[in-house]
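Here are the chains, one letter per residue:
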Amino acid sequence: MKVTVVGAGNVGATCADVLAYREIANEVVLVDIKEGFAEGKALDIWQKAPINLYDTRTVGVTNDYSKTAGSDVVVITSGLPRKPGMTRDDLISTNAGIVTSVTENIVKHSPDAIIIVVSNPLDVMTYAAHITSKLPRTRVMGMAGILDTARYRAFLAEALNVSPKDIQAVLMGGHGDTMVPLPRYTTVGGIPVTELIDEETLNAIVDRTKNGGGELVKLMGTSAWYAPGSAAAQMVEAIVRDQRRVFPVCVKLEGEYGIDGVYLGVPVILGKNGIERIIELDLNEDEKQLLETSRGHVKEVMEALDNINAAKA
Ligand SMILES: NC(=O)c1ccc[n+]([C@@H]2O[C@H](COP(=O)([O-])OP(=O)(O)OC[C@H]3O[C@@H](n4cnc5c(N)ncnc54)[C@H](O)[C@@H]3O)[C@@H](O)[C@H]2O)c1
Ligand SMILES: O=C(O)C[C@H](O)C(=O)O
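What you are looking at is a predicted structure, and each value in this text was computed from that prediction instead of being measured.

(A) Layout of the environment of glycine 85. One can find glycine 85 in the loop between strand S4 (73–76) and helix H3 (92–109). Here the alpha-carbon distance between glycine 85 and cysteine 250, two residues 165 residues apart in the chain, equals 25 Å.

Given below as structure tokens:
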């Protein structure tokens, strides 16, 4: 299996490293626009192989997409991260141009690839990659739900003083303040979380999760990479090993949840064909309302992208 990661910055290099040391792919190609940057990162990861004992080959290239040819999966992490005081949506015009041109290059050299978008604003960059690639919606998806759910699970594990391994949760909607964590679908070793934690603490954890990205941007001056890079690698693994894992993933909805033509995080089964199935939960009225708010927000940002594209045309 051959996997390309575009963008050799914090998230891309972390993702490539996880793909390599966990031997998820035989070959990982790292691409960046900065001369020598991807080559250096790929060489560093390769030189770690004798220490951490893996044999995945890592190759770095500066904008040379011929080396990515025949990739089974491509992860797009290229683009600006936000700085303190910015929202993810503030990145739209710069990152849309980057994601669009990267996607054109990817499909030219790997027409059968499955594409995982990581660049922000996530839901709308997934839209940009999907319309550019012209691939079926099952093959172009965005990573955010695994990260947001991981934050929620980590905060819960801390509050309950239990292993994060035992916390299962679902989170839906856009990757932003309107994301929709679902306490009703959260369990701790099979026990509904509401039986183990009081409402006030749970609500505080939900709020912290919604602002989880911003919390890290404030602390570090740029956005997170260890959990995001690992989350993208986990999606790659589910696809290349045909694991049929159930994850929240951003995909174009075509009638599911009563929503049409908007890119949102929903639970899916992820396997060798990409999105094998979208799972439709029976949401209650409050949850439906939260999802509708999230849909409205993502739709607005999608329209902003349409306006940017129309102005360019
Ligand atoms: N979806 C998520 O949950 C999530 C999580 C974390 C970060 N992100 C997003 O991922 C993106 C990358 O974050 P980062 O921290 O790795 O940033 P970074 O600045 O460390 O790395 C980005 C890399 O992209 C490269 N790049 C820019 N234009 C390119 C092009 N046309 N072709 C190839 N490479 C190009 C840059 O040279 C840089 O090395 C940001 O947009 C960030 O907001 C998303
Ligand atoms: O918060 C960001 O800007 C990056 C990413 O979307 C995250 O949630 O960590």
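(B) Region of interest: the UniProt feature "binding site: NAD(+)" (unreviewed entry) in the protein chain. In the numbering used here, UniProt assigns the feature "binding site: NAD(+)" (unreviewed entry) to Gly7, Ala8, Gly9, Asn10, Val11, Gly12, Asp32, Asn95, Val118, Ser119 and Asn120. As for the annotated residues named above, the ones lining the largest pocket are Gly7, Ala8, Gly9, Asn10, Val11, Gly12, Asp32, Val118, Ser119 and Asn120. Turning to its location among the elements, glycine 7 is positioned in the loop between strand S1 (2–6) and helix H1 (10–21). Contact partners of glycine 7, with chain neighbours within four places excluded, come to Gly12, Ala13, Leu30, Val31, Asp32, Thr77 and Ser78. Within the element layout of this structure, asparagine 10 appears in helix H1. Setting aside residues no more than four positions away along its own chain, asparagine 10 makes contact with Thr222 and Trp225.

(C) Just the packing of aromatic side chains, in detail. Counted under the stated rule, the structure contains two aromatic pairs. Their ring planes at 45 degrees and their centres at 5.3 Å tell us that tyrosine 127 and tyrosine 263 sit as a pair that is tilted. Remark: tyrosine 263 occurs in strand S13 (residues 260–271) and tyrosine 127 occurs in helix H4 (residues 122–133); sequence separation between them is 136 residues. On the basis of relative accessible area, tyrosine 127 is assigned to the buried category, the value being 11%. For the pair tryptophan 225 and tyrosine 226, a centre-to-centre distance of 5.6 Å together with 45 degrees between the ring planes defines the contact as tilted. One residue, arginine 57, lies across the ring of tryptophan 46, its end atom 4.1 Å from the ring centre.

(D) Spotlight on the site of ligand 1. Taken together, 27 residues lie around ligand 1, and Val11, Asp32, Leu80, Val118 and Met143 are the ones closest in. Separating a nitrogen atom of ligand 1 from a backbone N or O atom of methionine 143 is a distance of 2.8 Å. Of the pockets mapped on this structure, ligand 1 occupies the largest pocket. Secondary structure elements with two or more residues in the shell around ligand 1: H1 and H3. A class-by-class count of the residues in the shell around ligand 1 yields 15 nonpolar, ten polar and two charged.

(E) Representation of the layout of surface pockets in the model. Approximately 850 Å³ is the volume found for the largest pocket. Surrounding the largest pocket, 40 residues form its lining, Thr77, Ser78, Gly79, Leu80 and Pro81 being those nearest its centre. Those elements that place two or more of their residues in the lining of the largest pocket are H1, strand S2 (27–32), H3, helix H5 (145–160) and helix H7 (212–220). The element best represented in the lining of the largest pocket is H3, accounting for four residues. Its residues assigned to classes, the lining of the largest pocket shows 19 nonpolar, 16 polar and five charged. Looking at the second largest pocket, its volume works out to about 490 Å³. Lining the second largest pocket are 25 residues, with Ile146, Arg153, Gln234, Arg245 and Phe247 sitting closest to its centre. Looking at the lining of the second largest pocket, the elements that each hand over two or more residues are H5, strand S7 (167–168), helix H8 (226–240) and strand S12 (245–254). Broken down by class, the residue content of the lining of the second largest pocket amounts to 17 nonpolar, four polar and four charged.

(F) Summary view of the site of ligand 2. Looking at ligand 2, the residues that line it are Arg82, Arg88, Asn120, Leu147, Arg151, His175, Gly213, Ser223 and Ala224. The separation between an oxygen atom of ligand 2 and a polar side-chain atom of asparagine 120 is 2.9 Å. Taking arginine 151, its side chain carries an N or O atom lying 2.7 Å from an oxygen atom of ligand 2. In isolation ligand 2 has 260 Å² of accessible area, and contact with the protein removes 95% of it. Broken down by class, the residue content of the shell around ligand 2 amounts to two nonpolar, four polar and three charged.

(G) Seen up close, the pairing of S1. Within S1, five of the five residues are buried, which leaves it mostly tucked inside the rest of the structure. Alternating positions in S1 separate into two faces, Lys2, Thr4 and Val6 on one and Val3 and Val5 on the other, with burial throughout.

(H) Region of interest: the UniProt feature "active site" (unreviewed entry) in the protein chain. Feature annotation in UniProt places "active site" (unreviewed entry) on His175, given in this structure's numbering. For histidine 175, the residues in contact, after removing those within four places along its chain, are Arg88, Asn120, Leu122, Asp123, Ala144, Leu147 and Asp148. Within polar-contact distance, the side chain of histidine 175 engages the side chain of arginine 88 at 3.3 Å.

Conventions we followed
Residues numbered from 1 in each chain as written. Chains lettered and ligands numbered in written order. Predicted model: local features only at pLDDT ≥ 70, side-chain atom pairs only at ≥ 80, totals over all residues. Heavy atoms only, no water. Helix = DSSP H or I, 4+ residues; strand = E, 2+ residues; numbered from the N terminus. UniProt positions renumbered as here; feature names shortened; annotations may be inferred. 1 Å grid on protein atoms, 1.4 Å probe; cavity = no way out; pocket = protein on both sides within 12 Å on 5 of 7 lines; lining within 4 Å. Contact = heavy atoms within 4.5 Å. Phe/Tyr/Trp six-rings, centres within 6.5 Å; stacked < 30°, edge-to-face > 60°. Buried < 20%, exposed > 50% of the residue type's maximum accessible area, 1.4 Å probe, protein only. Lys NZ or Arg CZ within 6 Å of the ring centre and 35° of its normal. Near = heavy atom within 4 Å. Polar contact = N/O pair within 3.5 Å; in protein donor to acceptor, adjacent residues only side chain to side chain. Sits in = over half its atoms within 2 Å of the grid points. Nonpolar A, V, L, I, M, F, W, Y, C, P; charged D, E, K, R; others polar. Points joined across faces, edges and corners; volume = space filled by probe spheres on them. Areas by Shrake-Rupley, 256 points an atom, 1.4 Å probe, with all protein chains shown as cover.

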